[in-house]
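# Residue-level structure breakdown
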Amino acid sequence: MTDVRMTDAGVELLERLLERSERNPYRSWSASAAPDYDRLSTAQQMSRFHDQITAAERFGSVEVKWGKRDQGHLIERVVVRDAELLARHLGRPTAPATAQRVRDELLPVAATGEPWVITLLDDMTARWARSEAAYRLTAGQVDAAKEFFSLLASISREEARGLDARTFSKKATNDTKAFDRHASRLAAVLGVRIGQPGAAADVVWTHIGLERFSHPIHLRGPCRRWGG
């Protein structure tokens with residue numbers, strides 16, 4: 001059986017270099033990496049690896065530095081020349097382009113809330129543009145992010161006040177469990193918003209007027225009172 005992970009070692013290296021470039025777009029030096037030849041146990045794997053890296057070099061996205069003398073047949077280091085070209089070579093949009101697309105999709109949701117909700121979206125977009133997660137949400141989790149911003153926008157309109165979590169969740173997202181899925185990140189964002197970063201969740205819920213009732217227990221059938 002072919003080991004796809006080994007076969008595509010060149011692509012993995014290029015992806016890792018692109019991620020490094022996108023995480024630090026304003027660095028004064030180019031992202032680079034040395035190949036891990038220990039992973040390439042056969043001549044076929046090594047040949048494919050070299051083909052993938054040199055193809056990226058011909059595309060103008062990376063520079064390949066070869067070893068010297070008896071190491072001349074091995075790649076010593078791969079250096080990024082142009083991150084946008086590297087993304088194109090790998091067949092995917094750049095992280096900034098993806099982040100902007102996601103922002104455009106989320107903006108109509110965020111805009112239904114107070115201005116600070118849009119400010120948060122801009123902050124998260126900046127992190128997505130660097131290939132980072134924001135409040136444990138990546139740019140690829142658009143549906144989850146929509147839920148998150150629907151809840152935040154509703155909270156900013158004071159719509160959580162006087163409601164229990166499930167009722168509020170249903171009202172804001174049409175899903176009774178959405179609030180529970182996002183509770184920890186909501187508490188983190190709102191804790192900062194109310195000037196108490198790191199505050200316990202119960203403190204945050206009290207501030208926004210949310211009633212965290214425990215789930216009721218429904219009993220059916222004859223009951224007998226004990227004692228008294």
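Values in this document were obtained by computation on a predicted structure and should not be read as measured data. Starting from 1, residues in each chain are numbered consecutively following that chain's sequence as written. Owing to the predicted nature of the model, reporting of local features is limited to residues with pLDDT of at least 70; listing and counting of side-chain atom pairs is limited to 80 or more, with chain, interface and lining totals taken over all residues. Calculation of side-chain values draws on the structure's entire complement of heavy atoms; hydrogens and water are dropped beforehand.

### Here we look at the sheet that holds strand β1 (residues 32–33)
Rules: Strands qualify as paired when DSSP identifies two bridges or more between them. By definition, any uninterrupted DSSP run of H or I lasting at least four residues is a helix, any uninterrupted run of E lasting at least two residues is a strand, and each is numbered from the N terminus.
Reading across the sheet, the 3 strands line up as β1-β3-β2 and stay open at both edges, with antiparallel pairing between neighbours. Among the strands making up the open sheet, the edge pair consists of β1 and β2 (62–66). Note that β2 and strand β3 (residues 75–80) share 5 bridges and pair antiparallel. Bridge assignment links E63 to a residue of β3, and that residue is V79.

### What about helix α9 (residues 178–193)?
Which entries qualify depends on this criterion: Expected span, for any helix, means 1.5 Å times one less than how many residues it has. Bend is computed residue by residue as the angle between axes fitted to the seven residues ending at the residue and the seven residues starting at it. Between buried and exposed lies partly exposed: a residue is buried under 20% and exposed over 50% of the maximum accessible area for its type, with that area taken using a 1.4 Å probe on protein chains only. A contact between two residues is defined here by any heavy atoms of the two lying within 4.5 Å.
Its 16 residues give α9 an end-to-end C-alpha distance of 21 Å, which sits within 8% of 22 Å, the value for a rise of 1.5 Å per residue. The sharpest bend along α9 comes to roughly 50°, located at S184. Residues of α9 that are buried: A178, F179, H182, A183, R185, L186, A187, V189, L190 and G191. Buried residues belonging to α9 abut α6 (115–128), α7 (142–156), α8 (165–173) and α10 (201–208). Following α9 by one or two positions, G195 adopts a phi angle in the positive range, close to 80°.

### Observations concerning helix α4 (residues 83–90)
Counting along an α-helix, one turn takes 3.6 residues, and residues three or four places apart therefore face a common direction. Quick note on the threshold: What the arc covers is the set of directions going from the helix axis to the C-beta atoms. For this analysis, a polar contact is any N or O atom pair within 3.5 Å, provided that within protein one partner can donate a hydrogen and the other can accept it, and provided that sequence-adjacent residues contribute only side-chain to side-chain pairs.
Taken residue by residue, α4 has L86, A87 and L90 as its buried positions. Angular distribution of buried residues about the axis of α4 spans 100°; they occupy a single face of the element. In α4, the exposed residues that point more than 90 degrees away from the buried face are E84 and R88. Elements in contact with the buried residues of α4: α2 (9–23), β2 and β3. Here α4 starts with a cap whose side-chain oxygen sits 3.0 Å from the backbone nitrogen of E84, and that cap is D82. Directly after α4, the chain includes G91, whose backbone phi takes a positive value near 80°.

### Quick word on the packing of aromatic side chains
Each aromatic ring pair is summarised here by two numbers: the centre-to-centre distance and the angle between the ring planes. This is how it is decided: Two rings from Phe, Tyr or Trp (for Trp, the six-membered ring) form a pair when their centres sit within 6.5 Å of each other. Planes less than 30 degrees apart are called stacked, planes more than 60 degrees apart edge-to-face, and all others tilted. Definition used: whenever NZ (Lys) or CZ (Arg) falls within 6 Å of the ring centre and also within 35 degrees of the ring normal, the charge is taken to sit over that ring.
Applying the stated criterion across every chain yields a total of 5 aromatic pairs. On the basis of an interplanar angle of 70° and a centroid distance of 5.5 Å, the ring pair of F148 and F149 is categorised as edge-to-face. When the ring of F168 is compared with that of F179, the centres are 6.2 Å apart and the planes differ by 75°; the resulting orientation is edge-to-face. Linking F168 in helix α8 with F179 in helix α9, this pair joins segments that are 11 residues apart in sequence. Per residue, the accessibility class of F168 equals that of F179, and both read buried. Feature note: the residues Y135, F148 and F149 constitute an aromatic cluster, connected by ring pairs. The ring of Y135 is capped by R127, whose NZ or CZ atom sits 5.8 Å from the centre of that ring.

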